[in-house]
Amino acid sequence: MQMSNFYGRLLVIGKEQFDANQVPRLIGIPAIKNKRCQRCFNKVARQWQLPNGEQYCRWCLQFGRLTTKQMLVTIAEPNSFPIFTGWQWDGTLTPAQQRVVNEIQSHQQNHLIWAVTGAGKTEILFPIIAQALHKQQRICLAAPRIDVILELVPRITAVFPTISTAILYGKAKEPYRYSQLVICTTHQLINFRAAFDLLIIDEIDSFPFANNAMLKYVPKLALKENGRLIAMTATPSYRHLLTFCHRSYLPARFHGFALPTIKRVVVPKWRQLIKNNQLPPVLAKYLKHNGQAQQCLIFVPTIREVALVEKAIQQRFGNLKVMGVSAQDPERIQKVQLMRAQQIQYLVTTTILERGVTLPDIDVIILGADHVNFTSRSLIQIAGRVGRKVSRPTGLVLAIVSQPSWQVWLAQITINWLNYQARKGDKHEL
Ligand SMILES: [Zn+2]
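Residues numbered from 1 in each chain as written. Predicted model: local features only at pLDDT ≥ 70, side-chain atom pairs only at ≥ 80, totals over all residues. Heavy atoms only, no water.

Caption draft 1: Looking closely at the sheet that holds strand E7 (residues 139–143). Across the sheet, which stays open at both edges, the 7 strands sit in the order E8-E9-E7-E10-E11-E6-E12 with parallel pairing between neighbours. Strands at the two margins of the open sheet, each flanked by one partner only, are strand E8 (165–168) and strand E12 (247–250). Put simply, the sheet's adjacent strands are angled 15° from each other on average, direction ignored. Relative to strand E11 (residues 223–233), strand E6 (residues 111–115) is paired through 4 bridges, and the arrangement is parallel. (Pairing = 2+ DSSP bridges. Helix = DSSP H or I, 4+ residues; strand = E, 2+ residues; numbered from the N terminus. Axes fitted to C-alpha atoms, helices over the stretch in contact; angles between N-to-C directions.)

Structural data, given as structure tokens:
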């Protein structure tokens with residue numbers, strides 16, 4: 001194996017294989033030390049034992065079993081990268097985007113970007129990444145879901161074509177290789193140790209390791225001691241707003257139009273209707289009126305309802321192209337591609353499509369928006385799918401509920417507040 005594959009990367013070997021003298025600069029850490037897993041930094045419970053008496057960590061089992069008989073080995077990141085020669089981007093930043101870039105570049109501390117969906121977060125990253133490359137830094141761009149990674153990769157590599165880039169996610173076919181830029185799912189961060197000078201995490205509010213020590217330690221451990229974290233989100237939690245001293249705020253969309261507001265309709269028995277192969281009147285009216293005009297995502301609370309709604313639409317409106325998709329669907333990525341290619345018009349989905357996937361010109365309907373599977377933050381994300389195109393900056397966001405609900409109300413007032421801030425900000429800037 002190439003030595004560079006060890007740079008800032010954690011590899012697991014048996015304790016008996018470890019010989020620091022054999023490989024120069026190799027650092028070995030016992031996998032479980034003082035009852036704490038050294039990969040995910042969680043406490044290892046006494047009862048997590050194999051029949052041979054070895055203890056193992058159950059927290060990070062999904063990344064491969066780590067036992068007391070193993071070592072984690074790494075080599076300190078040397079930043080052996082060529083001199084940065086330039087990047088290719090002929091776009092321009094809006095005044096609001098430029099302001100955020102200036103705010104980030106004015107210091108070297110951690111920073112939170114609160115940007116509404118469609119504010120153009122990716123463009124903000126270009127000058128930030130370029131600045132880090134000039135300093136010969138190693139950079140990681142992480143996002144929680146594969147869909148987001150697959151959307152980011154072509155955009156980033158087009159701007160930085162000469163930079164060695166590794167793309168890492170669970171089912172990636174390419175083996176790991178050392179690179180200056182890493183674009184990966186947030187899960188993959190667990191395999192890095194003091195690797196990055198700059199770590200950018202998109203959608204920090206849906207970081208997958210929530211509620212245990214991993215959330216706290218994994219990004220910290222992947223960063224170098226003086227490394228810098230830039231976190232981005234459209235729907236920050238109070239905890240994130242409190243943890244970051246430096247924050248930038250981008251309430252306006254890149255095209256300057258307001259976020260679409262959520263329209264709420266109460267249909268008390270919508271669930272019974274779809275069970276009986278019928279549609280809520282407001283949905284049927286929309287489908288009849290819209291026909292083959294606008295593409296539409298129809299969100300439902302659980303997988304069970306995906307097939308029911310799909311069937312009910314097909315039966316009543318045989319001429320409409322409709323499909324259903326959920327996390328368990330093996331053809332999930334292909335179906336989103338079909339939607340993007342405008343081969344299908346209506347896609348019935350669970351919350352899996354609430355983030356990341358950008359379809360430029362759609363309406364959304366949320367059936368059962370008062371169900372616990374939808375939070376006010378996810379409703380804001382869903383509403384943010386709409387009006388992404390300059391030529392059609394608005395669209396319908398319809399929440400069908402069985403009864404009035406606080407989460408829909410909270411999402412509605414948050415969107416109104418963001419729009420108010422954006423209006424104020426525009427006046428200030430122009
Ligand atoms: Zn662990």
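Caption draft 2: View of the sheet that holds strand E5 (residues 70–75). Read across the sheet, 3 strands follow the order E1-E5-E2 without closing on themselves; strand pairing throughout is antiparallel. Each edge of the open sheet carries a strand with a single partner, namely strand E1 (11–14) and strand E2 (26–30). Recorded for the sheet is a direction-independent mean angle of 35° between the axes of neighbouring strands. Pairing of E2 with E5, which is carried by 5 bridges, proceeds in the antiparallel orientation. If you follow Leu26 over to E5, its bridge partner there is Ile75.

Caption draft 3: Highlighting the domain arrangement of the protein chain. Taken domain by domain, the protein chain holds domain 1 (3–75), domain 2 (95–250) and domain 3 (263–429). A straight line from the C-alpha centre of domain 1 to that of domain 3 covers 45 Å. (Domains from an automatic or database assignment.)

Caption draft 4: A look at the nonpolar core. By size, the foremost hydrophobic cluster in this structure holds 113 residues, and its most contacted members are Phe160, Leu189, Phe196, Ile262, Leu297 and Leu353. Examining the composition of this core, we find that 8 residues originate from one element, helix H2 (residues 121–134), more than from any other. Non-local contacts of Leu297, meaning those with residues more than four positions away in its chain, are made with Met339, Leu347, Thr349, Leu353, Leu359, Ile362, Asp363, Val364 and Ile365. Trp270, Leu279, Leu287 and Leu398 belong to the second largest nonpolar core, which has 24 residues in total. (Core = buried A, V, L, I, M, F, W, Y, C linked by side-chain atoms within 4.5 Å. Buried < 20%, exposed > 50% of the residue type's maximum accessible area, 1.4 Å probe, protein only. Contact = heavy atoms within 4.5 Å.)

Caption draft 5: Spotlight on the packing of aromatic side chains. Evaluation of the coordinates by the stated rule reveals 13 aromatic pairs. With a centroid separation of 6.4 Å and an interplanar angle of 45°, the aromatic rings of Phe84 and Phe160 are classed as tilted. With Phe84 in the loop between E5 and helix H1 (95–105) and Phe160 in the loop between helix H3 (146–159) and E8, this pair connects stretches of sequence that are 76 residues apart. Taking the relative accessible area as the measure of exposure, Phe84 reaches 8% and is therefore buried. (Phe/Tyr/Trp six-rings, centres within 6.5 Å; stacked < 30°, edge-to-face > 60°.)

Caption draft 6: Summary view of helix H7 (residues 281–290). Taken together, the buried positions of H7 are occupied by Leu283, Ala284, Tyr286, Leu287 and Asn290. In a view along the axis of H7, the buried residues occupy a sector of 160°, so they form one face of it. H7 presents Pro281, Lys285, Lys288 and His289 as exposed residues on the side facing more than 90 degrees away from its buried surface. Contacts made by the buried residues of H7 are with strand E14 (295–299), helix H8 (303–316), strand E16 (346–349), strand E17 (362–367) and strand E18 (397–401). Of the residues one or two after H7, Gly291 is the one with positive phi, at around 50°. (Arc of directions from axis to C-beta.)

Caption draft 7: Geometry of the side chain of Arg253. Note that Arg253 resides in the loop between E12 and strand E13 (263–266). For Arg253, the side chain forms a polar contact with the main-chain oxygen of Thr117, separated by 2.8 Å. Leaving out residues up to four positions away in the same chain, Arg253 has contacts with Val116, Thr117, Gly118, Ala119, Ala258, Leu259, Pro260, Gly384, Val386, Gly387, Arg388 and Pro393. (Polar contact = N/O pair within 3.5 Å; in protein donor to acceptor, adjacent residues only side chain to side chain.)

Caption draft 8: Inspection of the pattern of salt bridges at higher detail. Taken as a whole and assessed by the stated rule, the structure comprises 12 salt bridges. Between Arg377 and Asp205 there is a salt bridge, with its nearest N and O atoms 4.0 Å apart. With Arg377 in helix H10 (residues 376–383) and Asp205 in the loop between strand E10 (196–201) and helix H4 (213–222), this pair connects stretches of sequence that are 172 residues apart. Residue classification places Asp205 among the buried residues on the basis of a relative accessible area of 13%. (Salt bridge = Lys/Arg side-chain N within 4 Å of Asp/Glu carboxyl O.)

Caption draft 9: The arrangement of the packing of H2 against H3 in detail. Packing of H2 against H3 leaves a shortest axis separation of 11 Å and a crossing angle of 40°. In terms of orientation, H2 lies oblique with respect to H3. Viewed along their axes, H2 and H3 form a crossing whose handedness is right-handed. Note on element contacts: H3 touches H2 through Leu152, Arg155, Ile156 and Val159, opposite Thr122, Glu123, Phe126 and Ile129. (Parallel < 35°, antiparallel > 145°, perpendicular 65-115°, else oblique. Left-handed = near helix turned anticlockwise from the far one by under 90°.)

Caption draft 10: Structural detail: the environment of Ala194. Its location among the elements puts Ala194 in the loop between strand E9 (181–185) and E10. On the accessibility criterion, Ala194 (34% relative accessible area) is partly exposed. Once the C-alpha coordinates of Ala194 and Lys69 are considered, the two residues, 125 residues apart in sequence, prove to be 23 Å apart. If sequence neighbours within four positions are ignored, Ala194 has contacts with Glu77, Leu221, Ala222, Leu223 and Lys224.

Caption draft 11: Inspection of the pairing of E6 at higher detail. In terms of burial, E6 is largely enclosed, as 5 of its 5 residues are buried. The two faces of E6 match: His111, Ile113 and Ala115 on one face and Leu112 and Trp114 on the other face are all buried.

Caption draft 12: Seen up close, the coordination of the zinc ion. For the zinc ion, the full set of protein donor atoms is Cys37 (SG), Cys40 (SG), Cys57 (SG) and Cys60 (SG), and the range of their distances to it is 2.2 to 2.4 Å. For the zinc ion, the 4 donor atoms in the first shell make angles of 104 to 116° at the metal, so the coordination geometry reads as tetrahedral. A relative accessible area of 0% places Cys40 in the buried class. (Donors = N, O, S within 2.8 Å, 3.2 Å for Na, K, Ca; no water. Tetrahedral: all angles 85-135°; square planar, octahedral: opposite > 155°, others 65-115°.)

Caption draft 13: Here's a closer look at the environment of Ile382. Turning to its location among the elements, Ile382 is positioned in helix H10. Owing to a relative accessible area of 0%, Ile382 belongs among the buried residues under this scheme. C-alpha of Ile382 to C-alpha of Thr351: the two residues are 31 residues apart in sequence and 8.6 Å apart in space. Filtering out sequence-adjacent residues up to four positions away, Ile382 remains in contact with Phe299, Glu354, Val364, Ile366 and Phe374.

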